[in-house]
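# Structural overview
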Amino acid sequence: MKAVVMIKQVPDTNEVRLDPRTGTLIREGVPSIINPEDKSALEEALKLKEALGAEVIVISMGPPQAEDALREALAMGADEAILLTDRAFAGSDTWATATTLGYALKKIGDFDLVLAGRQAIDGDTAQVGPQVAEYLKIPQVTYVADLTVRGDSLCAKRVLEDGYEEIEAKLPALVTIVKEANAPRYPHAGAIITAYREQKVTLWGAKDIGADPETVGLKGSPTQVKRSFTPPPKEPGQILKGSPADAARDLVAILRQKNIV
Amino acid sequence: MTPTDGLDTLVKGFFLGQVDQQILFLFPELDSSETDVVSRLLSDWMQLASDKIDQVAIDRTQTIPETVMQAMRDMGLFGLTIPQRFGGLGLSTSAYGRIIDAVTAVCPALMLLIGAHLSIGLKGLLLYGNEEQQQRYLPSLATGKAIAAFALTEPQTGSDAHALHTRAVHDQGGWRMNGRKIWISNGDIASMITVFASTPEVDGEKPLTAFLVEPGLPGFSLGPSAAKLGLHGTNSVVLQFKDMHIPDQNVLGEPGEGFRIAVQVLNSGRIGLGAACVGAMKYCLRLASQWAQKRVAFGAKIAAYELIQDKVAQMALDIFVGESMVRLAGGMVDRGIKDYAVEAAATKAFCSEAMWRAADELVQIAGGRGYVQPFPYERVLRDSRINRIFEGTNEILRLLIFEEGTRGLRRSLRALSQSRWGMLKLATHKLQSLKQPALTGATDPRLADMAGTFRTTTARLSRDTTELLARHRANLAKRQLLVARVADMAIDTFGMAAVLSRLQSMSGDSENLSRALPIGRAYFHQAAARIEQNREALERNDDALRVDIAQVIYRADGYPL
């Protein structure tokens, strides 16, 4: 079987610090990592590789430096890595990104399973995975914490707000994986050396995947960022002291004053 | 006559008033094929550390959990410097230094585990082992399935390795070994131990031989483990050999070659230890900065007070200098330069003392919290003290820096004094040594002042040492306080060289250079002042008084008044 894992390179938010003067994020010098839940998706795929001999392909869309994330995936055990990189892809929103990934997946063709993380820690949209499934017209199972593949179908445990849901789906299908699913492996240093010195990352541009220029990048994006800003810090709360009866009276007074009650 | 023969080494040249710019101004950056690998490995290590390694628990329980051992095996950390054909990673000394730095910043006990294994335990096998021996041991050592240890120290023998009591004599196609080793790190878990023993039957003066000992064999037993001040989690144990039979094929190198092997192994180990101290200092600085910016006293964060700022600034200086020394010395090894003993000794001495300063000031910044658990500060202090003692005490290293460092200078002075017109030539030599070595490699104009200071310093080191040697001749070796001052001057001169070289290498990266320049300048200021103080004390000191006081104390067996 062939499993394709979609990964995104993101800034390591654990390492992001705030500029004390401006209150904005300091992005300079922040290391890039594989989006954590994408890494969990890769780990799920690698488990399928060990159990069923699946071939694992990782694919990412991003600037040339995203190659580093793909090398890390190779070091972890992926068989093949593809980077979708082209100036034409710049300015993509989630829709155009999903379309671009969709073109590439169609080019790969004979996949049985597509995996992705639930959402990326930089955008937090959780949209790209489902949109790719829609584009490819295959079943999608989101929020997956446990995945098994039997024959031509998968069985997945979905994490809901108040419990779990078990779902079966026919392959080919797309699943998005949550962090709880596993603890991604650390690559052996020897595999890192091989990934950097011997393995290669395939680069695909817009032409390679036969993308219609109107459907990718800024042109293919129905949404556009109007303005980015840091929300003003929340005002500190107020603690009402005194006996419960006094506190309740004060509370009602305040709520009245603010015209809430 | 200004000596001009290429020495292919740095500090020995400084003593001659020469600077090998080939070495100095190619500041060793990592090989491009190693850069990516090392940075990926480092980020995986930091991830692993935050997921799985609890250094507080390792210290408290005095054990490294098997899960941590296994994770380190899975990452390949036990094979960092073992060649790829034996299943290792074949990383350079420079790359190894960067990884050891990061390992120590997470947990110094894990550094000792890896360091005792790679830096010294199997280093002799790497350098002197024959193909068959390497085939036999290295593959399992590279995976961490087997661990290595290095056994030199004995109850009566520390730094004076010539005086070993452990003996091996010829016996039935092999050797019979008797004796004891103490404080052997990894000794309890090792399955291959490089053991040094005196072998009186071999020709030579006090001949030592190195053996590859497998602890499972009859005649070997483990003694108790020492209760250590710090670095809990790794054990330092007693090894006992009672009529232990060791086959001929387990002799490392040639019989009688043991001393040379021990010296070579320790020389290269000292660079790794320097890197470890740098990593520990980075951890100190992070804790210091965090606490100083959190703690409020007298209405302000203590970070705002100059007395605290001075402490954290000094830590940054020490880290920068130490790291530059480690990289320059490591780069010399990677370039195949054989003679780096003086640079390695200077690196170890500087870094271990800087580490202790940093740990001490960290505790000071933390105040009362610095002295008690569960705060992390007291552990840093405990973990760092050994660095000034093991792999050659810093006192011995100072004697070594002088003895080895001035070898070339002494030889050329001897040649001068024995030749016709010796005195005249010596005078000319002194005159010429007033000339400062040219420094065409320091091209960045922002470094001009520092390059000038370094040239003056090198010329003075050479001139002062020449005068001192001429005045005291053979007696100088006994004047250890004078010798140590010269060694201190040499350490700072090497520190200046390393900093200058590194700053020059940053010349194209203005942003980084602008951050590093103040650190470099502050160090140059400090080092120049220290060198001046040492120079002055070569002339005016109270050494004789101190020697007399010590005699009175020894007679009274304590305080004499």
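Analysis parameters
- Residues numbered from 1 in each chain as written.
- Chains lettered and ligands numbered in written order.
- Predicted model: local features only at pLDDT ≥ 70, side-chain atom pairs only at ≥ 80, totals over all residues.
- Heavy atoms only, no water.
- Helix = DSSP H or I, 4+ residues; strand = E, 2+ residues; numbered from the N terminus.
- Rg over C-alpha atoms; globule rule 2.2 N^0.38 Å.
- Buried < 20%, exposed > 50% of the residue type's maximum accessible area, 1.4 Å probe, protein only.
- Expected span 1.5 Å × (residues − 1).
- Pairing = 2+ DSSP bridges.
- Axes fitted to C-alpha atoms, helices over the stretch in contact; angles between N-to-C directions.
- pLDDT = per-residue confidence, 0-100.
- Contact = heavy atoms within 4.5 Å.
- Salt bridge = Lys/Arg side-chain N within 4 Å of Asp/Glu carboxyl O.
- Buried area = accessible area lost by both parts, 1.4 Å probe.
- Polar contact = N/O pair within 3.5 Å; in protein donor to acceptor, adjacent residues only side chain to side chain.
- Nonpolar A, V, L, I, M, F, W, Y, C, P; charged D, E, K, R; others polar.
- Phe/Tyr/Trp six-rings, centres within 6.5 Å; stacked < 30°, edge-to-face > 60°.
- Lys NZ or Arg CZ within 6 Å of the ring centre and 35° of its normal.

## Brief notes about the overall build of chain B
Within chain B, the secondary structure is distributed over 20 helices and 10 strands. Taken against the 2.2 N^0.38 rule, which gives 24 Å for 561 residues, the C-alpha radius of gyration of chain B at 24 Å falls within 12% of a compact globule. Expressed along its principal axes, the backbone C-alpha trace of chain B runs to roughly 70 × 65 × 65 Å. Scored against the burial criterion, the 561 residues of chain B give a buried share of 55%.

## Considering helix H6 (residues 244-257) of chain A
Here H6 of chain A spans 20 Å end to end across 14 residues, near enough to the 20 Å set by a 1.5 Å rise per residue. Just downstream of H6 of chain A lies Asn259 of chain A, where phi reads positive at about 60°.

## Thoughts on the sheet that holds strand S9 (residues 140-150) of chain A
All names here are of chain A. Pairing is mixed across the open sheet formed by nine strands, whose spatial order is S11-S10-S9-S12-S8-S1-S6-S7-S13. The strands lining the two open edges of the sheet, one partner per strand, are strand S11 (163-170) and strand S13 (201-204). Looking at each pair of strands side by side, their axes are set apart by 30° on average, direction ignored. Two strands pair when backbone bridges link them, and strand S1 (residues 2-6) and strand S8 (residues 113-117) are joined in this way by four bridges, in the parallel orientation.

## Structural notes on the confidence of the model for chain B
Residue and element names in this part refer to chain B. The share of residues in chain B with pLDDT of 70 or more is 96%, and the mean pLDDT across the chain is 92. Of the regions scoring below 50 in pLDDT, residues 1-6 engages in nine contacts with residues more than four places distant in sequence or in other chains. Two summary scores accompany this predicted model of the complex, namely pTM at 0.87 and ipTM at 0.72.

## Section: the pattern of salt bridges
Residues and elements named next belong to chain B. For the structure shown, the criterion picks out 47 salt bridges over all chains. Across the pair Arg136 and Glu214 runs a salt bridge, and its minimum N-O distance is 4.0 Å. Here Arg136, found in helix H9 (residues 131-143), pairs with Glu214, found in the loop between strand S5 (208-213) and strand S6 (220-225); they are 78 residues apart in sequence, far enough to count as distant. Classification of Arg136 as partly exposed rests on a relative accessible area of 29%.

## A closer look at unusual backbone geometry
The amide bond that connects Leu171 of chain A to the next residue, Pro172 of chain A, takes the cis arrangement and shows omega of 0°. Mapped onto the elements of the fold, Pro172 of chain A is located in the loop between S11 and strand S12 (173-177). Here the residue pair Gln373 of chain B and Pro374 of chain B is connected by a cis peptide bond, since its omega of 5° sits within 30 degrees of zero. Within the secondary structure, Pro374 of chain B is located in the loop between helix H12 (341-366) and helix H13 (377-384). Although it is not a glycine, Tyr143 of chain A sits at a positive phi angle of roughly 55°. Even without being glycine, Phe298 of chain B reaches a positive phi, approximately 55°. Topologically, Phe298 of chain B is positioned in the loop between strand S9 (296-297) and strand S10 (300-301).

## Some remarks on the interface of chain B and chain A
Taken together, the contact between chain B and chain A spans 20 residues of the former and 12 residues of the latter. When chain B packs against chain A, close to 1,500 Å² is buried across both sides, 57% of that on carbon and sulfur atoms. Close ionic contact of Asp68 of chain A with Arg40 of chain B constitutes a salt bridge, the shortest N to O distance being 3.0 Å. Linking chain B with chain A are four residue pairs in polar contact (both at pLDDT 80 or more). Elements supplying a minimum of two residues to the side of chain B that touches chain A: helix H3 (32-52), helix H5 (66-75) and helix H19 (510-539) of chain B. Residue contributions to the side of chain B that touches chain A peak at 11 residues, all from H3 of chain B. Grouping the amino acids of the side of chain B that touches chain A by side-chain chemistry returns six nonpolar, four polar and 10 charged.

## Here's the deal with the side chain of Arg485 of chain B
Relative to the elements of secondary structure, Arg485 of chain B occurs in helix H18 (residues 480-505). Beyond its immediate sequence surroundings of up to four residues, Arg485 of chain B is in contact with Asn534, Ala537, Leu538, Asn541 and Asp543 of chain B.

## A few points about the environment of Ala459 of chain B
Residue and element names in this part refer to chain B. As for its position among the elements, Ala459 is in helix H17 (residues 448-472). On the accessibility criterion, Ala459 (3% relative accessible area) is buried. With 83 residues separating them in the primary sequence, Ala459 and Pro376 have C-alpha atoms 45 Å apart.

## Remarks on the packing of aromatic side chains
All chains considered together, the criterion is met by seven aromatic pairs over all chains. Ring centres of Tyr523 of chain B and Phe524 of chain B lie 6.4 Å apart, and the angle between their planes is 90°; on these two criteria the pair is classed as edge-to-face. No difference in accessibility class separates Tyr523 of chain B from Phe524 of chain B, as the two residues are buried. Through a chain of ring-to-ring contacts, the aromatic side chains of Phe350, Tyr523 and Phe524 of chain B assemble into a single cluster. Over the ring of Trp204 of chain A we find Lys107 of chain A, and its NZ or CZ is 4.5 Å from the ring centre.

## Concerning the side chain of Thr209 of chain B
Residues and elements named next belong to chain B. Counting through the fold element by element, Thr209 comes out in strand S5. Given the relative accessible area of 0%, Thr209 is considered buried. Engagement of the side chain of Thr209 in a polar contact is seen with the side chain of Thr199, the distance being 2.7 Å. Here Gly256 takes part through its backbone nitrogen, which lies 2.9 Å from a polar atom of the side chain of Thr209. In this structure, Thr209 is in contact with Val195, Phe196, Ala197, Thr199, Val202, Val251, Pro255, Gly256 and Gly258, ignoring residues within four places of it in sequence.

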